[in-house]
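Chain residues, written in single-letter form:
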Amino acid sequence: MTDAGMNEAMLASLELAAEKSGDIAPAIYDRYFERCPDSRAIMFHTDEYMRGRMLGEVFRLFMSEGVAEEREYLAFETTNHRAYGAAPHMYENVLLAVRDVVQNVLGDDFTAEVNAAWERRVSELLGIIRPLTTS
Ligand code: HEM
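Quick caveat: nothing in here was measured; it's all calculated off a predicted structure. (Residues numbered from 1 in each chain as written. Predicted model: local features only at pLDDT ≥ 70, side-chain atom pairs only at ≥ 80, totals over all residues. Heavy atoms only, no water.)

Novice: Any chance you could explain the pattern of salt bridges here in plain terms?
Specialist: Think of it this way: side chains of opposite charge can pair up when their charged atoms draw near. The full count for this structure, using the stated rule, is 11 salt bridges. Measuring nitrogen to oxygen at the nearest pair gives 2.7 Å for the salt bridge that ties R31 to D100. Here R31 is found in helix α2 (residues 25-35), whereas its partner D100 is found in helix α6 (residues 88-106), with 69 residues between them in sequence. The class of D100 is buried, set by a relative accessible area of 12%. When salt bridges that share partners are traced, they join R31, E34, R35, R99 and D100 into one network. (Salt bridge = Lys/Arg side-chain N within 4 Å of Asp/Glu carboxyl O. Helix = DSSP H or I, 4+ residues; strand = E, 2+ residues; numbered from the N terminus. Buried < 20%, exposed > 50% of the residue type's maximum accessible area, 1.4 Å probe, protein only.)

This is the structure:
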């Protein structure tokens, strides 16, 4: 699949999830804390607005045309997030929680093509985030 095809599949899956299920943010945080109990304590003090703003940026990372231009933003956020107590494994869990919920809402519409787009974007993002959080 081409890069444009991957982006299209990703965008279509997020749009369809919003169409089918409305605001998927609460389900994503539930799934995130289920996958990553340590994160629940770190995010305990945050309200739905803060959580919504954070997820807005995470969605943007999934929807952006390419990840190369997100490198600086990710360097900025991972530095901020060190002070919040975010550990390296938590990033993978938050990204995969978004994927899990979209997959669950889409059911059969989460096709092999859509899956490939998600796998690729998660691994591209972690390719940038891992070195930033483990050094
Ligand atoms: C790529 C992944 C992530 C992105 C893009 C991101 C983005 C953001 C943004 C933009 C905010 C600020 C919201 C605002 O003040 O308007 C925020 C806050 C926060 N994030 Fe993340 N975040 C990510 C991953 C994580 C992870 C893995 C954790 C670990 C639990 C985490 C914990 C927090 C906490 C605790 C706050 C609130 C900080 C405060 O009290 O001021 N985030 N995040």
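Novice: Even after reading the chapter, I still don't get the site of the ligand, so can you show me in this structure?
Specialist: If you check the shell around the ligand, you find 19 residues, and the closest are H45, M50, R53, M54 and H81. Separating a nitrogen atom of the ligand from a side-chain N or O atom of H81 is a distance of 2.7 Å. Those elements that place two or more of their residues in the shell around the ligand are α3 (37-42), α4 (48-63), α5 (71-84) and α6. Considering every element that reaches the shell around the ligand, the biggest residue donor is α4, with six residues. In the shell around the ligand, the residues fall into 12 nonpolar, four polar and three charged. (Near = heavy atom within 4 Å. Polar contact = N/O pair within 3.5 Å; in protein donor to acceptor, adjacent residues only side chain to side chain. Nonpolar A, V, L, I, M, F, W, Y, C, P; charged D, E, K, R; others polar.)

Novice: Explain the coordination of the iron atom of the ligand here, please?
Specialist: Those protein atoms acting as donors to the iron atom of the ligand are M54 (SD) and H81 (NE2), and they sit at 2.0 to 2.3 Å. What the six donor atoms of the iron atom of the ligand show is an angle range of 86 to 178 degrees at the metal, which sorts the shape as octahedral. Taken as a pair, M54 in helix α4 and H81 in helix α5 lie far apart in primary sequence, 27 residues in all. (Donors = N, O, S within 2.8 Å, 3.2 Å for Na, K, Ca; no water. Tetrahedral: all angles 85-135°; square planar, octahedral: opposite > 155°, others 65-115°.)

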